[in-house]
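Chain by chain, the residues run as shown.
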Amino acid sequence: PDLFEAPDYYNIDDLLTEEHKLIRDAARSWVKRDVSPIIEEAAQEAKFPKSIIPGLAEIGAFGPYIPEQYGGAGLDQISYGLIMQEIERGDSGVRSTASVQSSLVMYPIWKYGNEEQRTKYLPKLASGEWMGSFGLTEPDHGSNPGGMVTNFKDKGDHYLLNGAKMWISNSPFCDVAVVWAKNEEGRIHGLIVERGMEGFTTPETHNKWSLRASATGELIFQDVKVPKENLLPNKSGLGAPLGCLDSARYGIAWGVIGAAMDCYDTALRYSKERIQFGKPIGQFQLQQKKLAEMITEITKAQLLCLRLGQLKNENKATSAQISMAKRNNVDMALKIARDARQMLGGMGISGEYSIMRHMMNLESVVTYEGTHDIHLLITGFDITGLNAFK
Ligand code: TGC
Ligand code: FAD
């Protein structure tokens, strides 16, 4: 049974509205009922559990902050964060699916698309009828996406797209892909590529030890004819995909708190039940130190996210502020997962508990959406004005 109890050491619930709590609790109940019972097996078998797609749509995880007129949930940024937190308490891979759909597919269509594109794609993406993926990373361009070589040429009545994207979440089953490619002048644009277009394939990447319940793959384009109406008209340049990443990174900063909470809660419970040397292991100072540091770090991460959420709601959050929260919180969650795993001794490596799965998942989360070191350099640039990337 899923015994999870969410820690709230600083009564942060008192700072949330009734609506926030209702949305959070609905997501929490859904994760308990529909994700926790199946997720371990899905991860062991390395299969994304497609059966949860309607549930994700129902809790508002697909486009939480996209206006209701386009099928989104029309919520604020704190609600979005709370939904991500609850989903990632279940599994980072499930949160990945929701992050990609919301912030990397729906967001660019909403922000950079025209009205026809919004009405054609957003309602179907919000309901989960269509699933999306986001193609930025290439085999030779990960941290440095500005160097991408995927390109398209104007052929009069259509564009001709060539190139390849790698490490793409949801790629093996996506119906649509928002793909970033350079035009003949070398300017980056977003194109909506649909499954079924000739020359477009999505091979799955196997052999992952992390994010096993999420499907990852490539996007390959060989002379794909993309209709001209599929180009996102309202923003171009590297700032366009980076703007989507701001929204996804914000969701991750909240999401990983969920994974950390689950590891902490499991270790705390275990420490009171597991007897060694005639005492619960939670009575030993070394184990208390781990738990006390975990709850301190979770509380700090919660406060960071809440304040960032307020800034986001007021449209005042900077990209560098988001980088700081993504970096700090993922690192916090990963360290907690490692400590919690040790606290369970041998049981810590068993699939009977969620900790090892969280720990392995978080190795992807610390790498994708900008690595730990890239985010540090973004902070470094912001505070010194000196750019380490140039
Ligand atoms: P740089 O010259 O600094 O910037 C180019 C243009 O972009 C603007 N900009 C931003 N705009 C919006 N949001 C941001 N966060 C922005 N950061 C920069 C910038 O002002 C500039 O605009 P303009 O008008 O002057 O042209 O770019 P750079 O080439 O030096 O690179 C900077 C760097 C390294 C920080 C950036 O490229 C970066 O963030 N790299 C990390 C790559 C990354 O995060 N990839 C993620 C791929 S998607 C993914 O991982 C999904 S996982 C999903 C899941 O499963 O959850
Ligand atoms: P590299 O860029 O080659 O980095 C290797 C190492 O070098 C890292 O430690 C990095 O921090 C360091 N490094 C690089 N540049 C510098 C520098 N200037 N200074 C100091 N150190 C540096 N991408 C998408 O587009 N869409 C997706 O849906 C998506 N999903 C993903 C899912 C998974 C499971 C994973 C693992 C990745 C996913 N990614 C996705 C790709 C992800 O964003 C990249 O892996 C990430 O941006 C890092 O790129 P890279 O793997 O090429 O590493």
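Cut-offs used in this document
Residues numbered from 1 in each chain as written. Chains lettered and ligands numbered in written order. Predicted model: local features only at pLDDT ≥ 70, side-chain atom pairs only at ≥ 80, totals over all residues. UniProt positions renumbered as here; feature names shortened; annotations may be inferred. Helix = DSSP H or I, 4+ residues; strand = E, 2+ residues; numbered from the N terminus. Rg over C-alpha atoms; globule rule 2.2 N^0.38 Å. Buried ≥ 20, exposed ≤ 12 C-beta atoms within 10 Å, placed from the backbone. Contact = placed C-beta atoms within 7 Å. Expected span 1.5 Å × (residues − 1). Near = placed C-beta within 6 Å. Nonpolar A, V, L, I, M, F, W, Y, C, P; charged D, E, K, R; others polar. pLDDT = per-residue confidence, 0-100. Bend = angle between axes of the 7 residues up to and from the residue. Axes fitted to C-alpha atoms, helices over the stretch in contact; angles between N-to-C directions. Parallel < 35°, antiparallel > 145°, perpendicular 65-115°, else oblique. Left-handed = near helix turned anticlockwise from the far one by under 90°.

- As annotated in an unreviewed UniProt entry, the protein chain is glutaryl-CoA dehydrogenase (ETF) from Patiriisocius marinus.
- According to the UniProt record, the Sequence similarities (unreviewed entry) comment for the protein chain reads "Belongs to the acyl-CoA dehydrogenase family."
- Turning to the protein chain, the UniProt record has this under Cofactor (unreviewed entry): "FAD".

1. Some words on the overall build of the protein chain
Reasoning step 1: Along the protein chain, the regular secondary structure elements total 10 helices and 9 strands.
Reasoning step 2: The C-alpha radius of gyration computed for the protein chain amounts to 21 Å, which stays within 12% of the reference 21 Å derived for 390 residues, consistent with globular compactness.
Reasoning step 3: For the protein chain, the C-alpha atoms occupy an extent of roughly 80 × 45 × 40 Å along the three principal directions.
Reasoning step 4: A total of 390 residues make up the protein chain; the buried ones form 50% of that total.
Reasoning step 5: Taking all contacts inside the protein chain whose residues are at least 6 apart in sequence as the whole, residues at least 24 apart take part in 75%.

2. Considering the UniProt feature "domain: Acyl-CoA dehydrogenase/oxidase C-terminal" (unreviewed entry) in the protein chain
Reasoning step 1: UniProt's entry tags residues 236–378 with the feature "domain: Acyl-CoA dehydrogenase/oxidase C-terminal" (unreviewed entry), counted in the numbering of this structure.
Reasoning step 2: Structurally, residues 236–378 comprises 75% helix and 3% strand, and the distance from its first C-alpha atom to its last is 21 Å.

3. As for the environment of Gly-81
Reasoning step 1: Positionally, Gly-81 belongs in helix H3 (residues 77–90).
Reasoning step 2: Accessibility expressed as a C-beta count within 10 Å gives 28 for Gly-81, which makes it buried.
Reasoning step 3: Between the C-alpha atom of Gly-81 and that of Phe-277, which follows or precedes it by 196 residues, the distance is 42 Å.
Reasoning step 4: In this structure Gly-81 touches Gly-251, Trp-254, Cys-305 and Gly-309, once residues within four positions along its chain are discounted.

4. What to know about helix H6 (residues 239–273)
Reasoning step 1: Helix length check: H6, at 35 residues, gives a terminal C-alpha distance of 51 Å against a target of 51 Å (1.5 Å per residue), a fit within 8%.
Reasoning step 2: H6 sits mainly inside the fold: 26 of its 35 residues count as buried.

5. Observations regarding the site of ligand 1
Reasoning step 1: As a matter of local geometry, ligand 1 sits amid 25 residues, with Ser-96, Gly-239, Leu-242, Ser-319 and Gly-370 nearest to it.
Reasoning step 2: Take the shell around ligand 1: its biggest share by element is 6 residues, from H6.
Reasoning step 3: Taken together, the residues of the shell around ligand 1 sort by class into 12 nonpolar, 11 polar and 2 charged.

6. Description of the environment of Lys-279
Reasoning step 1: Looking at where Lys-279 falls in the secondary structure, it is placed in strand S9 (residues 279–280).
Reasoning step 2: Residue Lys-279 is classed as exposed on the basis of its C-beta count, with 10 C-beta atoms lying within 10 Å.

7. A short note on unusual backbone geometry
Reasoning step 1: With a phi angle near 55°, Phe-277 is a residue other than glycine that sits in the positive phi range.
Reasoning step 2: The residue Asn-315 is not glycine, and still its phi comes out positive at about 60°.
Reasoning step 3: Its place among the elements puts Asn-315 in the loop between helix H7 (285–313) and helix H8 (319–343).
Reasoning step 4: Taking the C-beta count within 10 Å as the criterion, Asn-315 has 7 such neighbours and is therefore assigned exposed.

8. Considering the confidence of the model for the protein chain
Reasoning step 1: Per-residue confidence for the protein chain gives a mean pLDDT of 98, with 100% of residues at or over 70.
Reasoning step 2: The lowest-confidence element of the protein chain is helix H1 (residues 18–44), averaging 97 in pLDDT; the highest-confidence one is strand S4 (residues 176–182), averaging 99.

9. With respect to helix H5 (residues 115–127)
Reasoning step 1: Helix length check: H5 (13 residues) gives 19 Å between terminal C-alpha atoms against 18 Å at 1.5 Å per residue, within 8%.
Reasoning step 2: Helix geometry: H5 is bent most strongly at Tyr-121, by close to 30°, with proline Pro-123 lying one to four residues after it.
Reasoning step 3: Within H5, burial applies to Gln-117, Tyr-121, Leu-122, Leu-125 and Ala-126.
Reasoning step 4: Contacts from the buried residues of H5 go to helix H2 (53–58), helix H4 (92–112), strand S1 (132–135), S4 and strand S5 (188–194).
Reasoning step 5: Directly beyond the C-terminal end of H5, a positive phi value near 85° is found at Gly-128.

10. Concerning the site of ligand 2
Reasoning step 1: The immediate surroundings of ligand 2 are formed by 21 residues, with Leu-136, Thr-137, Gly-142, Ser-143 and Thr-371 found nearest.
Reasoning step 2: Of all the secondary-structure elements, those providing two or more residues to the shell around ligand 2 are S1, strand S3 (158–169) and helix H10 (372–384).

11. What about the packing of H1 against H3?
Reasoning step 1: One can describe the packing of H1 onto H3 by two numbers: an axis separation of 8 Å at closest approach and a directional angle of 20°. One finds that H1 runs roughly parallel with respect to H3. For the crossing formed where H1 meets H3, the hand is right-handed. Seen from H1, the contacting residues are Glu-19, His-20, Ile-23, Arg-24, Ala-27, Arg-28, Val-31, Val-35, Ser-36 and Ile-39; seen from H3, they are Ile-78, Ser-79, Leu-82, Ile-83, Glu-86, Ile-87, Arg-89 and Gly-90.
Reasoning step 2: Taken together, the residues of the contact of H1 with H3 sort by class into 9 nonpolar, 4 polar and 5 charged.

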